[in-house]
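Coordinate inspection notes
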Amino acid sequence: MITEIAPAPERVAAEPARPRRKRRAWDEVPRRQIYVPLSIYLLFTLIPFYWILLFALRRPGSTSLVPWPMTFEHFEKVWNERAFGTYFQNSVLVGIATLVMTTLVALAGGYALARFNFRIKKAFMLALLCTQFVPGALLLVPLFEIFANLRMINSLVSVIIAETVFQLPLSMILISGFIRNVPYSLEEAAWVDGCDRFTAFRIVVLPLLRPGLIAVGSFAFVHAWNHFLFALMFLSDQSKQTIPVGLNTLMSADSVDLGALAAGGIIAAVPVVIVFAFIQKWLITGFSAGAVKG
């Protein structure tokens, strides 16, 4: 009689002993030593925001520490009577135009710095870094003379050009770091497939630079949105002023309307907060990638 031989049971290999995890220095730190300083820092950070909301939402003449009953009278005043609607539109225009121009020019310059070698490359990079130590206030008079000769005073174009020029050095350095992290072999493979340099860059490299471009563009937008000096010096017509200059008009030598000033500050801060809320993931990824040399 033929019987089926049962297969021998497989030997179960002994599971290797897992190495014991080394205890790190911060694993032994009591939680209170971490949470207490963070809570104090958070408290000092949130109190000014609550104070602004308090002045913006409570009724004129009220001294209550709770904005109840709430009123939007201050917002209506600054938006309609103080022309903050016009200031807001001008700031959006300047911010978006600066974002686009800075990103495009920095992308071209960063690619040249990352992919090409030339004699003065190190000196040029050093010059870009040194420009970050020059405050914009020192160049206001020369820039004013240049724009006056070009008949660009009292034009938003002058502010856009000035903001773009001051954002380019840092943006080019960051973009070049992002491009260095993209393997050069990817472009070479595209060339072998018949793509020219521009097509290979557009198809292969550009999609990989999205976090970096978002980081650079958002930084340029926020700087142009908050900058005060260029708009103050180059724009004289009230209908062309931006929000930082508009906030300055709410303060006079005799008195300050705290409610209107707080409402204007909230109007100025909300767009920036919304932008960072949506792009924070890309922003952190982009700056992390640009900080590592590939």
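Residues numbered from 1 in each chain as written. Predicted model: local features only at pLDDT ≥ 70, side-chain atom pairs only at ≥ 80, totals over all residues. Heavy atoms only, no water.

**Some points on the overall build of the protein chain**
Here is the rule: Numbering of helices and strands runs from the N terminus; a helix is a DSSP stretch of H or I covering at least four residues, while a strand is a stretch of E covering at least two. Working definition: with a 1.4 Å probe on protein chains only, accessible area under 20% of the residue-type maximum means buried, over 50% means exposed, and in between means partly exposed. Any two residues having at least one pair of non-hydrogen atoms within 4.5 Å are treated as being in contact. Under the convention used here, a 1.4 Å probe and the Shrake-Rupley method define accessible areas, while residue burial counts only the protein chains that appear.
Across its full length, the protein chain carries twelve helices and zero strands. Going through the 294 residues of the protein chain one by one, you find that 35% of them count as buried. Sequence separation of 24 or more characterises 73% of the internal contacts of the protein chain that already satisfy a separation of 6 or more. Element-wise, carbon and sulfur atoms account for 67% of the exposed surface of the protein chain, whose accessible area totals about 19500 Å².

**Re the pattern of salt bridges**
Our working rule: We define a salt bridge as a contact between a side-chain nitrogen of Lys or Arg and a carboxyl oxygen of Asp or Glu at a distance within 4 Å.
Taken as a whole, this structure holds one salt bridge when the rule is applied. Where R115 meets E187, a salt bridge forms, and the shortest distance between an N and an O atom there is 2.6 Å. Pair noted here: R115 is in helix α3 (residues 84–115) and E187 is in helix α7 (residues 184–192), with a separation of 72 residues, a long-range link. For the pair R115 and E187, a shared accessibility class is recorded, and that class is buried.

**Observations concerning the environment of I243**
As for its position among the elements, I243 is in helix α11 (residues 243–249). Residue I243 is classed as buried on the basis of its relative accessible area of 1%. Taking the C-alpha atoms as reference, I243 lies 7.8 Å from W225; in sequence the two are 18 residues apart. Setting aside chain neighbours within four positions, we find I243 in contact with F84, Y87, F88, S91, W225, I267 and A268.

**Things to note about unusual backbone geometry**
Although it is not a glycine, R151 sits at a positive phi angle of roughly 60 degrees. Note that R151 resides in the loop between α5 (140–149) and α6 (156–180). We note that N154 has phi near 65 degrees; this positive angle belongs to a residue other than glycine. By the secondary structure assignment, N154 is in the loop between α5 and α6.

**Structural notes on the side chain of T71**
With respect to the helices, strands and loops of the structure, T71 is situated in the loop between α1 (32–57) and α2 (73–81). Judged by relative accessible area, which is 11%, T71 ranks as buried. Aside from chain neighbours lying at most four places away, what touches T71 is A56, L57, R58 and R59.

**Looking at the confidence of the model for the protein chain**
Spelled out, the test is: Across the chain, each position has a pLDDT score giving the predictor's confidence in that residue, from 0 to 100.
When pLDDT is averaged along the protein chain, the result is 80; 85% of the residues meet or exceed 70. Here helix α12 (residues 258–290) stands out as the least confident element of the protein chain, with mean pLDDT 75; α3 is the most confident, with 90. Of the regions scoring below 50 in pLDDT, residues 1–8 engages in zero contacts with residues more than four places distant in sequence or in other chains. Across residues 290–294, confidence stays below pLDDT 50; counting only partners more than four residues off in sequence or on other chains, it has eight contacts.

**With respect to the packing of α7 against helix α8 (residues 197–208)**
This is how it is decided: For helices, the axis comes from a line fit to the C-alpha atoms of the stretch in contact; other axes are also lines fit to C-alpha atoms, and the angle between any two N-to-C directions lies between 0 and 180 degrees. Between 65 and 115 degrees an angle is taken as roughly perpendicular, under 35 as roughly parallel, over 145 as roughly antiparallel, and anywhere else as oblique. Each crossing gets its handedness from the near helix: less than a right angle anticlockwise from the far helix is left-handed, clockwise is right-handed. When residues are sorted by character, Ala, Val, Leu, Ile, Met, Phe, Trp, Tyr, Cys and Pro go into the nonpolar class, Asp, Glu, Lys and Arg into the charged class, and all the rest, Gly among them, into the polar class.
At a minimum axis distance of 9 Å, the contact between α7 and α8 shows a crossing angle of 140 degrees. Viewed along their axes, α7 and α8 adopt a mutual orientation that is oblique. In terms of crossing hand, the pair formed by α7 and α8 is right-handed. Here α7 contributes Y184, L186, E187, A190 and W191 to the contact with α8, which in turn contributes R197, A200, V204, V205 and L208. When grouped by side-chain class, the residues that make up the contact of α7 with α8 number eight nonpolar, no polar and two charged.

**Topic: the packing of α6 against helix α9 (residues 210–226)**
Remark: α6 packs on α9, axes separated minimally by 10 Å, with the N-to-C direction vectors making an angle of 160 degrees. The angle between α6 and α9 places the two elements in the roughly antiparallel class. As α6 runs across α9, the sense of the crossing is right-handed. Residue-level inspection shows E163, Q167, L170, S171, L174, I175 and F178 of α6 in contact with α9, the latter providing G212, L213, V216, F219, A220, H223 and A224. Per-class residue counts for the contact of α6 with α9 are nine nonpolar, four polar and one charged.

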